[in-house]
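# Residue-level structural notes
Read off the chains here:
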Amino acid sequence: MLGRDALKRAVASELDAARACDGVAAYEHLALGVIDRLDRDAAASLVAVINATGVLLHTNLGRAPLAEAACAHACDIGRGYSNLEYDLTLGERGSRYDRVTGLLREITGAQDALVVNNCAAAMLLILDTFAKGREVVVARNQLIEIGGGFRVPEVLERSGAILVEVGTTNKVNERDFERALTTDTALLLRTHQSNFAIEGFTADAAPPALSALARRAGIPLVEDLGSGAVVDLAEYGLPHERTVQDALRDGVDVVAFSGDKLLGGPQAGIIVGNSALTARLRANPLLRALRVDKMTLALLAATLRLYHDRRSREQIPFFAMLAMPMESLRERARRYAAQVGNARIVDAQAFVGGGSLPRAHVPSVAIAFETPYPDQLMERLRRGRPPIVARIENGEVRLDLRTIAPKQDAAVIEAVLGIAG
Ligand SMILES: *Cc1c(COP(=O)(O)O)cnc(C)c1O
């Protein structure tokens, strides 16, 4: 698995290091040094890890895990040729977007859809197409930064649009937008607050009223929805999260959202909405630079097909994790506790994460380890096989079972036994 060359390089480096400091190293010491080097090499490559943090869509851990069916389909498509841009009925060139477009139209009810690299790319394409050198009106309570360098004012600036801020940090209304309209206004923009909440003396411009205003002004209303739920998360005991369908129903002309947040699919930026406007997006040469490959399209199409009904949707790991009953978590926890000594079962709170529903939590169950050195235990878990990313709470190290897939339990227990046992 390691490869002869990697092993040889590690041994040679370790021997060089030993020669450099002239003491004679013990054989065991040298061997441990080689293992350590190989471990560091392995950690430097992309590896699968166990997410025991309880954050379902963990931005640092690859966001949404993919459904088995989606992975299998993408492998099938990836290892050979496919009709990616070929129409099998007509025997001529076809469009790579047709299949996902159909699925997205069916699920969201939108007239048309388009897929690019990620939601940031979607916003870039939208602004470049409709607002270059022109004004974009945004409420001050939506001038967000979502991390990773995505700040709404900067994205606007990079795409050559001119930002017009309206309202205040806590209160914005339709009249603020109306007063900001000029002959140079290209569009009205709404963005999802994603990772923070404003509470107290607050007001927002209602999307249907903004839609009516945009219509009167003859400009589009665009919404960067970010998280992109297409089902009501209230089904899973979470607060209702504005869905793509809600936005379309409110009269938003173009909606952009991520493929790998609440949708549970691959990294992608999905644009749905009015067909005259999406046609203009399609005609923008920038689309060629932002387009997705066959693997993304295969993963996305197979994920979207699972939205057929609730049972198949719960094959998507994000929904499987949300749907896992507390009783199953407790039963798994008892199995952990029976095998791993000095571990306690505690009630915990898991979080949706992924820059959505910042305050919403999901009840969960965790295995807690009391230790005077929690950071050290965290490190040993991270360096284990498989690497486990846990969290520290109340000074204890906790493994949240909601984000650990049941089929990973045996491997996690074995790894923990080797470390904390
Ligand atoms: C997450 C998010 C984005 C960025 O999405 P990517 O798919 O990571 O590019 C953009 N806007 C909002 C509001 C978001 O929440």
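Structure's up top.
All values derive from a computational prediction rather than experimental measurement.

Turning our attention to the sheet that holds strand β12 (residues 343-353). Ordered by their spatial adjacency, 5 strands build an open sheet running β2-β12-β13-β16-β15, and the pairing between neighbours is mixed. The open sheet has two edge strands with one neighbour each: β2 (55-57) and β15 (391-393). For this sheet, the mean angle separating the axes of adjacent strands, direction not counted, is 45 degrees. The pairing of β12 with strand β13 (residues 361-369) spans 9 bridges and is classified as antiparallel. If you follow Ile 345 over to β13, its bridge partner there is Ile 367. Lying over the sheet, helix α15 (residues 326-339) contacts β12 and β13, oriented at roughly 5 degrees with respect to β13. Running over the sheet, helix α16 (residues 374-382) touches β13, β15 and β16 (396-400) and is turned about 35 degrees from β16.

The calculated volume of the largest pocket comes to roughly 1000 Å³. Along the walls of the largest pocket sit 31 residues, with Val 49, Leu 61, Pro 65, Leu 66 and Gln 408 positioned nearest its centre. Mapped by element, the contributors of at least two residues to the lining of the largest pocket are β1 (50-51), α3 (68-78) and α14 (317-323). Here the lining of the largest pocket gets 3 residues from one element, more than from any other, and that element is α14. A per-class count over the lining of the largest pocket returns 19 nonpolar, 7 polar and 5 charged.

Our focus in this paragraph is the environment of Asn 284. Relative to the assigned elements, Asn 284 resides in the loop between α10 (275-282) and α11 (286-290). Note on Asn 284: relative accessible area 10%, which makes it buried. Along the sequence, Asn 284 and Gly 251 sit 33 residues apart, while their C-alpha atoms lie 24 Å from each other. Dropping the residues within four chain positions of it, Asn 284 is found in contact with Leu 125, Asp 128 and Thr 129. A distance of 2.9 Å separates polar atoms of two side chains, one belonging to Asn 284 and the other to Thr 129.

To continue, consider the site of the ligand. In the vicinity of the ligand lie 14 residues, with Arg 63, Ser 194, Asp 224, Ser 258 and Lys 261 positioned nearest. Asp 224 has a polar side-chain atom sitting 2.7 Å from a nitrogen atom of the ligand. Interatomic distance of 2.7 Å between a side-chain N/O atom of Ser 258 and an oxygen atom of the ligand. When the ligand is considered free in solution it has 390 Å² of accessible area, and contact with the protein chains removes 93% of it. Secondary structure elements with two or more residues in the shell around the ligand: α5 (119-130) and β9 (221-226). Each residue belonging to the shell around the ligand can be placed in one class, and the counts come to 5 nonpolar, 6 polar and 3 charged.

This next bit is on helix α12 (residues 294-305). With 12 residues, α12 ought to run about 16 Å at 1.5 Å a step, and its terminal C-alpha atoms sit 16 Å apart, in line with that. Within α12, 9 of the 12 residues are buried, which leaves the element mostly enclosed by the surrounding structure. Buried-residue contacts for α12 involve α3, α4 (98-108), β5 (112-116) and β11 (269-273).

If you look at the biggest cluster of nonpolar residues, it comprises 95 residues, and the most contacted ones within it are Phe 177, Val 272 and Phe 318. Residue contributions to this core peak at 8 residues, all from α5. Ignoring anything within four residues of it in the chain, the contact list for Phe 318 reads Leu 56, Leu 57, Leu 233, Leu 262 and Val 352.

Right, let's talk about empty space enclosed by the protein for a bit. For the structure on display, the rule yields 2 cavities of 30 Å³ or more. Of the pockets and cavities examined, the largest cavity occupies roughly 40 Å³. Around the largest cavity, the lining residues are Met 123, Leu 127, Phe 150, Val 152, Val 155, Leu 156, Leu 189, Thr 191 and Asp 224. At 3 residues, helix α6 (residues 152-158) tops the list of elements feeding residues into the lining of the largest cavity. Grouping the amino acids of the lining of the largest cavity by side-chain chemistry returns 7 nonpolar, 1 polar and 1 charged. Considering the residues around the second largest cavity, the lining is formed by Ala 139, Gln 142, Val 172, Phe 177, Arg 190, Asp 204, Ala 205 and Leu 210. By residue class, the composition of the lining of the second largest cavity is 5 nonpolar, 1 polar and 2 charged.

What follows concerns the pairing of strand β6 (residues 135-139). Of all 5 residues making up β6, 5 are buried, and the element is well covered by its neighbours. The alternating pattern of β6 places Glu 135, Val 137 and Ala 139 and Val 136 and Val 138 on opposite faces, both of which are buried. Pairing of β6 with strand β7 (residues 162-166) involves 5 bridges; the strand directions are parallel. Looking across to β7, one finds that Val 137 is bridged to Val 164. Since β6 and β7 lie parallel, the crossover through α6 that links them has a hand, and here it is right-handed.

Calculation notes
- Residues numbered from 1 in each chain as written.
- Predicted model: local features only at pLDDT ≥ 70, side-chain atom pairs only at ≥ 80, totals over all residues.
- Heavy atoms only, no water.
- Pairing = 2+ DSSP bridges.
- Helix = DSSP H or I, 4+ residues; strand = E, 2+ residues; numbered from the N terminus.
- Axes fitted to C-alpha atoms, helices over the stretch in contact; angles between N-to-C directions.
- Contact = heavy atoms within 4.5 Å.
- 1 Å grid on protein atoms, 1.4 Å probe; cavity = no way out; pocket = protein on both sides within 12 Å on 5 of 7 lines; lining within 4 Å.
- Points joined across faces, edges and corners; volume = space filled by probe spheres on them.
- Nonpolar A, V, L, I, M, F, W, Y, C, P; charged D, E, K, R; others polar.
- Buried < 20%, exposed > 50% of the residue type's maximum accessible area, 1.4 Å probe, protein only.
- Polar contact = N/O pair within 3.5 Å; in protein donor to acceptor, adjacent residues only side chain to side chain.
- Near = heavy atom within 4 Å.
- Areas by Shrake-Rupley, 256 points an atom, 1.4 Å probe, with all protein chains shown as cover.
- Expected span 1.5 Å × (residues − 1).
- Core = buried A, V, L, I, M, F, W, Y, C linked by side-chain atoms within 4.5 Å.
- Right-handed = clockwise from strand over helix to strand, strands pointing away.

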